[in-house]
Every structure is written in C-alpha cells, then in structure tokens.
Amino acid sequence: MPRMHALELLPDDAGCDVVRRDWQVLRDAGLPSQLDHRGATNSPHVTALAAPAIGAADEQRAAELVARLLPVQVRASGIALLGGRRVSVVRVLDVPDELARAVLRLRSQVRDVQHLGWLPHVTLARRMDRADVGRAVEALGHEDAVLTLTSLRRWDPDAGIVTTL
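What counts, and at which threshold
- Residue numbers restart at each chain and count upward from 1, following the sequence in its written direction.
- The predicted origin of the model limits local features to residues at a pLDDT of at least 70 and limits the giving and counting of side-chain atom pairs to 80 or more, whereas totals for whole chains, interfaces and linings rest on all residues.
- The basis for every side-chain value is the complete set of heavy atoms in the structure, and neither hydrogens nor water enter the calculation.
- Angles shown run from 0 to 180 degrees and are taken between the N-to-C directions of axes, each axis being a line fitted to C-alpha atoms and, for helices, limited to the stretch in contact.
- To qualify as a helix, a DSSP run of H or I must reach at least 4 residues; to qualify as a strand, a run of E must reach at least 2; elements of each kind are numbered from the N terminus.
- The scheme is simple: roughly parallel for angles under 35 degrees, roughly antiparallel for over 145, roughly perpendicular for 65 to 115, oblique for anything else.
- By definition, turning the near helix anticlockwise from the far helix through less than a right angle yields a left-handed crossing, and turning it clockwise yields a right-handed one.
- In what follows, residue pairs with any heavy atoms lying within 4.5 Å of each other are defined as contacts.
- In this classification, the charged set is Asp, Glu, Lys and Arg, the nonpolar set is Ala, Val, Leu, Ile, Met, Phe, Trp, Tyr, Cys and Pro, and all remaining amino acids, among them Gly, are polar.
- The cut-offs for exposure are 20% and 50% of the maximum accessible area for each residue type, with area from a 1.4 Å probe on protein chains only; residues under the lower value are buried, those over the upper are exposed, and the others partly exposed.

The chain is annotated in an unreviewed UniProt entry as 2'-5' RNA ligase family protein from Nocardioides cavernae.

Focus: the packing of helix α2 (residues 56-65) against helix α3 (residues 97-108)
When two helices pack together, their arrangement is given by the angle between their axes and by how far apart the axes lie. In the contact formed by α2 and α3, the axes pass within 10 Å of each other and the chain directions differ by 165 degrees. Between α2 and α3, the angle falls in the class roughly antiparallel. Considering only the axes of α2 and α3, their crossing is right-handed. Residues D58, R61, A62 and L65 of α2 form the contact with α3, whose own contacting residues are A102, R105 and L106. Residue classes in the contact of α2 with α3 are distributed as four nonpolar, no polar and three charged.

Topic: the environment of P52
Positionally, P52 belongs in the loop between β2 (46-51) and α2. Beyond its immediate sequence surroundings of up to four residues, P52 is in contact with P2, R3, M4, H5 and D112.

A few points about the environment of V92
Take V92: it is sitting in strand β4 (residues 86-94). Each C-alpha atom of the pair V92 and A80 lies 6.5 Å from the other, and the pair is twelve residues apart in sequence.

Comments concerning unusual backbone geometry
Note the cis peptide between L70 and P71, where omega equals 0 degrees. Relative to the assigned elements, P71 resides in the loop between α2 and β3 (72-83). Of note, D112 is a non-glycine position whose phi angle comes to about 60 degrees, a positive value. With a relative accessible area of 54%, D112 lands in the exposed category.

This is the structure:
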C-alpha cells in the first residue's frame, strides 16, 4: 500500500492545546494516545483528504476552495470509534456547511482519494483495544470544545516535509 499524502486543516494554538490535553488525559490513564506518535510532524489536525499523490494543481484547488474559508470555528461535539478489532478514538467535528461543501468538492477533484465522503475529526488515539474504549471515554469526558481551524498544510511522506498552503 502506498504511503498517503494528505491535505490537513490545523487549529490555532488554543485548539492545539485542547487536543493535546485529550492526548495527555489518555496517556495519564495508561491508554494509547497520539502523544505516543513520535513523528516530527505529529500535531493536532483534521485530514481533508489523503491520496497516494497530490499534485501542484490539487494544492492550488485546495488553496482556492478550502484555505480561503479560514479561519473557521468548529465544534468538537462527540467521541467516535473508527476501525475494527483495534480502533482509533476520535473527536467528531461539527463544521460549517460551506467548509464541508468545499472539502467535498476538493475531494471530488483529486484522484484516488482514500475513503468516501468526509468525516471531519481529530484523532486522539490509534490502535486502541476495544476493551479499553470505556476507560477512554470516561477519562476524556463529554464536554464539547470549540476549535478554530486557521491553516491548511500538505503532508508529503515521501519527502518527509510539510508545506503550508
């Protein structure tokens, strides 16, 4: 399977702090956390799309369709599980309709996009055993949080670089 290139929306510093607190809560509870991800570019983000390749024209469309809408407030309004036997724990985001339409339009114009549709979320943990999900939900609590998405970046795993669009 090819490594996935990505276009990602980033929260401001206050939003990053909110997400990192969730990461720390999971770690403090002895559970998997995105804090365990040691990649240099690991930071709170919302993936708009992932694909085997992203070209310059895709970046330009992303800037025209999505980046122009930033900054934008979104609400982290619930916890969801993605996956099978081992799951990713995520905070689902309520996003403005204009942003959702822009991301879906962009996704429709990029070849070989991973996954259908778009489920805006911030990942809190990956590869968690289902048996630990109850502890994770209890530790995280149920409070909504508002994040402000302020920038759009491109992740190129082949070159190992992040570019702000």
